[in-house]
Amino acid sequence: MTTFFNLTLAGLSSGAVFAALGLSLVIIYRATRVVNFAQPALALISSYVAYSVTKGTGSYWLGFAAAIVVGTVLGIAVERLLVRPLRNAPELSPIIATMGLLLVLQAVAGMIWSNEPHAFSYAFDFRGRFSAADLFAVLAVLVTATGVLLLFKFTSLGLRMRAAAFNPEVARLLGVRVGVMLTLGWGLAAAVGSLAGLLAVPPFISPTVLDEVFVFALTAAVLGGLDNPLGTIVGGLALGIGLSYVAGLLGPELVPLAALAILVSVLAVRPAGLFGRATARRV
Amino acid sequence: MLNKLPPVVVHLLAALGCLVLLVLLTFAADPFTNLRIATVGYYLIAVAGLALLTGFNGQVSLGHGAFMFIGAYTVALLVKRVPAFPIWADLLLATVAGGVAGLLAGAAAARLRGPYLAGATLALAVGLPAVTQRFPELLAGSNGLSFTVNSQPAGLVGTIPSTQWQAWIVWLAVLLALVVLANLARGKLGRTLRAVRDDEVAASLAGVHVGRTKILAFLVSSACGGLAGGLQAFLLGTAAPGSFTVALSLSLLAALVLGGLGSLWGALWGAIALVYFQVWTDDIAEVLSLRSDISDNLPLALYGVVLIVVVLAFPAGIQGGLRKLWVRVRRPVPSQRGEAS
Amino acid sequence: MLEIEGLSAHYGPVRALSEVNLKVEEGSITAILGANGAGKTTLLRVISGLVRASGGRVTAFGEDITAMPTDRIARSGVAHVPEGGGVIPELTVEENLRLGALWRPDRADRARALDEVLELFPPLAPRRSKAAGTLSGGERQMLAIGRGLMGRPRMLLLDEPSLGLAPLVAAKIMAVLRDLRADTGLTVLLVEQNARSALSISDYGFVLGLGEVVASDDAATLLADDQLRHAYLGF
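Cut-offs and rules
- Residues numbered from 1 in each chain as written.
- Chains lettered and ligands numbered in written order.
- Predicted model: local features only at pLDDT ≥ 70, side-chain atom pairs only at ≥ 80, totals over all residues.
- Contact = placed C-beta atoms within 7 Å.
- Helix = DSSP H or I, 4+ residues; strand = E, 2+ residues; numbered from the N terminus.
- Nonpolar A, V, L, I, M, F, W, Y, C, P; charged D, E, K, R; others polar.
- Expected span 1.5 Å × (residues − 1).
- Buried ≥ 20, exposed ≤ 12 C-beta atoms within 10 Å, placed from the backbone.
- UniProt positions renumbered as here; feature names shortened; annotations may be inferred.
- pLDDT = per-residue confidence, 0-100.
- Axes fitted to C-alpha atoms, helices over the stretch in contact; angles between N-to-C directions.
- Parallel < 35°, antiparallel > 145°, perpendicular 65-115°, else oblique.
- Left-handed = near helix turned anticlockwise from the far one by under 90°.

(A) Structural detail: the interface of chain A and chain C. Tallying the contact residues gives 16 residues for chain A and 19 residues for chain C. When residues of the side of chain A that touches chain C are traced back to their parent elements, those giving at least two are α6 (156-166) and α7 (168-173) of chain A. Here the side of chain A that touches chain C gets six residues from one element, more than from any other, and that element is α6(A). Partitioned by chemical class, the residues of the side of chain A that touches chain C number eight nonpolar, three polar and five charged.

Right, dumping it as structure tokens:
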């Protein structure tokens, strides 16, 4: 029973990270119908910036703040320079382009900070069962996710962002500056993604450290239906707990396969995800 | 006169011609270059398989390295456990194993579209190599399996270097597989695949069984992946999970896009680029005496840049560019129809 | 108010509008009539910047808006209700309405506008917090027009507001437009295939045929012109 409880708690904190990175994918998918395969690389670069700033100043929180700012700026830049020129291109193009960016950014990270892993500190004490660091991860993600949901649901900016995502042409006719909304969406998503990176990276940072987390985050987002933020958060937490059971009871080497099994079985029953709408919305 | 023959004969003759040329080429090349020639070969068949799936049928796979993984381990296990089998049987079984895996993956994926399919195949690429940790006795964990293949006939041992022989075997297998692929792509299946890609509803109204077609595309494409993996294992004498990273799967797709999505020729340019990018960046790094941090990451960076540039500026890839050039050379008068063909 | 001079537009090589000249007086209801494919919808889309003109000029309120981005045209006081209404089904009725006024800084006046619209279209009031996708066709059209009015526009562009609606509902919507003009002096540019009902509330009409203006006159004169009615208006 205690094992079960411990595994659940452990799963909760890793699930929170999947949920946050998944949320960043969903914000972008909703706004621009693009799965941002470069998201882990954006989070990676901002985490490396945090690493350098913390190393230089000795302050974890200065590095934290720098990472969020750099992440946001990168997200905005990617939307403006890479995604916007492809808005009328075939579906495959943004996938390839963001993947190309993933390769570039991972390589650049390796060039600047080397492929060797560096120690990366936790925000708080990480020892013991459900440590302060775990608690911080869960709380930070819940607060951020709630903030994002409230922003979408209850502010006029959020209403404009949703309108721009659902029907850009009508939004334009109603005076919404759609381009600005999309850019803001990418910035917001990248900020959330950077937070997820900072929580996922410790104890060591290396250029490929977020690859596996990204797959789990994408799984969480797909489980949630790709355009449902709440579904993604629920999906991420559930996936984290489920994978924690698999790791604890069957062995950690099975975790990626278990994620694949969960993904495939859910998609077999519901091809648009657990909470997804029917796919035929865009006629 | 060639136009009168059935396409399968034309393809076979072309393959024979290519094989003769390659054999001649291997005599002129040093062992190191022969290894590269063989490497281009197995990448070519992997990318060509992906071309059928993604280019012709519109299903995006970010996990094709997983099928190479299956092929490589099939060959490795057969060589170690069933040494009596000749290498061609091992390679055939690797192809079959890849195909069976593809059948399963295709059946699971047939209802998925765009980003959902991309996500599922990516999870496959990450998840599958982890089975080596699960069965350490059989699959030897992260160290992988090492073995030696004695495929060279006794009469040839000593007369030609082993890498040259290996290049022949690889290209023989690859060209045979390409003949099959080219026939499929030219024939009814090719048209059906494109019809499903362009409009599933219209295709099913026209009597095409959409689900079955998509699964078939997966099967053929993964069988090619299995063969490619088997050839890689044959060539290197190892099968280790570290060779089948997500980066490999992404590189295959990248090679396809770079070469040009719509044709099997594109796969050739893509495979050559895959191998020679590495070679060139190594050369550049050496000439400029770059730090290893930079030189190790240079191929990846260059690769990513090329992908972005191709998508933004040359969406038809290398083959698209060549075709445009060819049309212009053959018909100096610009025509609207030439580009659409 | 709105002046269109020598306006042309193309979809690829296909010419949709050719050298259209048109004038809408302030406070008038002007009907644009014509068969399917005559260029009516394209004309509205060029005015609101969704389609770029390949020649000519659009002037609204004395300002050249030919090359202005769509969202700025909307904020300058031109409300375009597209064909089918363009209601966003995922948002609630109230969110759809609020969206129409978000660009205006005066918060209190936005709330007043919401009350006025709900008063103008009583069926919407009890459905405020329902998803707009649950509304009937007539209610959707009311929501679309109401949303256009939320921005207190100086000019309303309507694309086939009665399309697909029951005759009674369509007549009600026409009556609302007539009353609105009478009460607030709103300028309306009304695209309709149902020429008779459009002309019944209009002051002036333009008839388009294959992208060109083939006739323009007082609404009453157009209604009385038998030859024109048979050739272009189909009644």
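Back to the text.
(B) Expanded view of helix α12 (residues 246-259) of chain B. Residue and element names in this part refer to chain B. The terminal C-alpha atoms of α12, which comprises 14 residues, lie 20 Å apart, in line with the 20 Å expected from a rise of 1.5 Å per residue. Most of α12 sits inside the fold, with 13 of its 14 residues counted as buried. Positive phi appears at G260, one or two residues downstream of α12, with a value of about 125°.

(C) Region of interest: helix α5 (residues 114-127) of chain B. Relative to the 20 Å expected for 14 residues at 1.5 Å per residue, α5(B) spans 20 Å between its end C-alpha atoms, a close match to the ideal helical length. Counting buried residues in α5(B) gives 13 out of 14 residues, a clear majority hidden from the surface.

(D) Structural view of the UniProt feature "transmembrane region" (unreviewed entry) in chain A. Residues and elements named next belong to chain A. Cross-referencing UniProt, the feature "transmembrane region" (unreviewed entry) maps to residues 6-27, 60-83, 95-113, 133-152, 173-198, 204-223, 230-248 and 254-275 in the present numbering. In this annotation, residues 6-27 is assigned 100% helix and 0% strand; the end-to-end C-alpha distance for the span is 32 Å. Its end C-alpha atoms 33 Å apart, residues 60-83 is made of 100% helix and 0% strand.

(E) Representation of the interface of chain B and chain A. Taken together, the 37 residues of chain B in the interface contact 43 residues of chain A. Among the elements of the structure, α5, α6 (131-134), α12 and α14 (292-313) of chain B are those that each provide at least two residues to the side of chain B that touches chain A. Ranked by residues supplied to the side of chain B that touches chain A, first place goes to α14(B) with 13 residues. For the side of chain B that touches chain A, the per-class residue count stands at 26 nonpolar, six polar and five charged.

(F) Broad picture of the confidence of the model for chain A. In this model, chain A carries a mean pLDDT of 89, and residues with pLDDT of at least 70 account for 97%. In this model, residues 278-283 of chain A is a region of pLDDT below 50 whose contacts with residues beyond four sequence positions or in other chains number three contacts.

(G) Highlighting the packing of helix α3 (residues 65-81) of chain B against helix α11 (residues 210-236) of chain B. Residue and element names in this part refer to chain B. For the pair α3 and α11, interaxial distance at closest approach is 6 Å and the crossing angle is 50°. As summarised for this structure, α3 and α11 are arranged oblique, according to the angle between their axes. Regarding α3 and α11, the two cross each other, and that crossing is right-handed. When α3 is examined against α11, the residues F67, M68, F69, I70, G71, A72, T74, V75 and A76 are found in contact with a partner set consisting of S222, G225, G226, L227, A228, G229, G230, Q232, A233 and F234.

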